[in-house]
Amino acid sequence: MMNAEQANARAKGFFPSHIGMHFTHVAHGEIHAECEVRRELMAPNGYLHAGAVVTFADSCAGFGCMATLPDGADGFTTVELKTNHLGTTRDGTILCRAVVAHTGRTTQVWDAVVTHKESGRTLALFRCTQMILYPRTTGVAQS
């Protein structure tokens, strides 16, 4: 089981850290993160880019999945995601709380809520399905 410090260290140098994502809580089946809204995450219309919100939620769910992989699994990949955008912002900090809805041997389903820290408004509802990956076998029959 990884903690928030380990998740932040693992994200360093990868896309989640590039957007400024910081994990604040990691537990089995639940993960929290925050991200400061800054110019690089904005759309040309002056509001937080929808893709930044999806990246934030998907990364949060992905790290939650990593923290809860079943025995023998060595990774995962997102196979489906959906986001309902309910609002946006021009400043402040966004928060994400992702919780597992299903953990199976071959899939996990995660739900995440992205909120604006300062106002408490919900900005997005997110759901994704993760396919659990296992080491490949050689395909050679054993006698």
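Our subject is the structure that appears above.
Residues numbered from 1 in each chain as written. Predicted model: local features only at pLDDT ≥ 70, side-chain atom pairs only at ≥ 80, totals over all residues. Heavy atoms only, no water.

Asker: It is not clear to me how the overall build of the protein should be interpreted in this structure. Could you clarify?
Answerer: Regarding its fold elements, the protein presents three helices and six strands. When the helices and strands of the protein are read in sequence order from the N terminus, they spell out α-α-β-β-α-β-β-β-β. For the protein, the spread of C-alpha atoms along the principal axes amounts to about 65 × 30 × 25 Å. Taking all 143 residues of the protein together, the buried fraction comes to 40%. Contacts spanning at least 24 positions in sequence make up 63% of the contacts within the protein whose residues lie at least 6 apart. (Helix = DSSP H or I, 4+ residues; strand = E, 2+ residues; numbered from the N terminus. Buried < 20%, exposed > 50% of the residue type's maximum accessible area, 1.4 Å probe, protein only. Contact = heavy atoms within 4.5 Å.)

Asker: Looking at this structure, I do not really get the sheet that holds strand β3 (residues 75-85). What am I missing?
Answerer: Backbone-to-backbone hydrogen bonds join strands into a sheet, with any given pair of strands oriented parallel or antiparallel. Spatial ordering of the open sheet is given by β1-β2-β4-β5-β6-β3, a layout of six strands whose pairing is antiparallel. Both edges of this open sheet fall to β1 (21-27) and β3, since each of them pairs with a single strand only. Sheet twist, expressed as the average angle between the axes of neighbouring strands with direction ignored, equals 20°. Across the sheet, helix α3 (residues 50-67) is in contact with β1, β2 (30-36), β3, β4 (93-103), β5 (107-116) and β6 (122-133); its angle to β6 comes to roughly 45°. (Pairing = 2+ DSSP bridges. Axes fitted to C-alpha atoms, helices over the stretch in contact; angles between N-to-C directions.)

Asker: What is the right way to read α3 from this model?
Answerer: For an α-helix, 3.6 residues make a turn, and residues three or four places apart therefore share a direction. If you check α3, its first and last C-alpha atoms are 26 Å apart, about what 18 residues at 1.5 Å a residue would give, namely 26 Å. Within α3, 15 of the 18 residues are buried, leaving the element largely enclosed by the surrounding structure. (Expected span 1.5 Å × (residues − 1).)

Asker: Can you help me understand the pattern of salt bridges in this one?
Answerer: Any two side chains of opposite charge can pair, given that their charged atoms come close. If you walk through the whole model with that rule in mind, you get three salt bridges. Close ionic contact of R38 with E40 constitutes a salt bridge, the shortest N to O distance being 3.1 Å. Given a relative accessible area of 26%, R38 falls into the partly exposed group. Judged by its relative accessible area of 60%, E40 is exposed. For D111, the salt bridge is made with R127, and the minimal N-O distance between the two is 2.6 Å. With a gap of 16 residues between them, D111 in strand β5 and R127 in strand β6 connect regions that are remote in the sequence. (Salt bridge = Lys/Arg side-chain N within 4 Å of Asp/Glu carboxyl O.)

Asker: Can you help me understand the packing of aromatic side chains in this one?
Answerer: Within a pair of aromatic rings, the relevant descriptors are the distance that separates the centres and the angle that separates the planes. What the rule picks out here adds up to one aromatic pair. Look at F23 and F63: their rings are 4.6 Å apart centre to centre, the planes differ by 40°, and that puts the pair in the tilted class. Residue F23 is found in strand β1, and its partner F63 is found in helix α3; the two are separated by 40 residues along the sequence. On the basis of relative accessibility, which here comes to 1%, the residue F23 falls in the buried class. Here R90 stacks its cationic end above the ring of Y47, 3.9 Å away from the centre of that ring. Note that R105 overlies the ring of Y134, its terminal NZ or CZ placed 4.3 Å from the centroid. (Phe/Tyr/Trp six-rings, centres within 6.5 Å; stacked < 30°, edge-to-face > 60°. Lys NZ or Arg CZ within 6 Å of the ring centre and 35° of its normal.)

Asker: Just to check I follow, could you spell out the side chain of T93 for this structure?
Answerer: Topologically, T93 is positioned in strand β4. Setting aside its immediate chain neighbours within four residues, T93 contacts E34, C35, E36, V37, T115, H116, K117 and E118.

Note that every value here comes from positions in space, so none of it alone points to a role or purpose.
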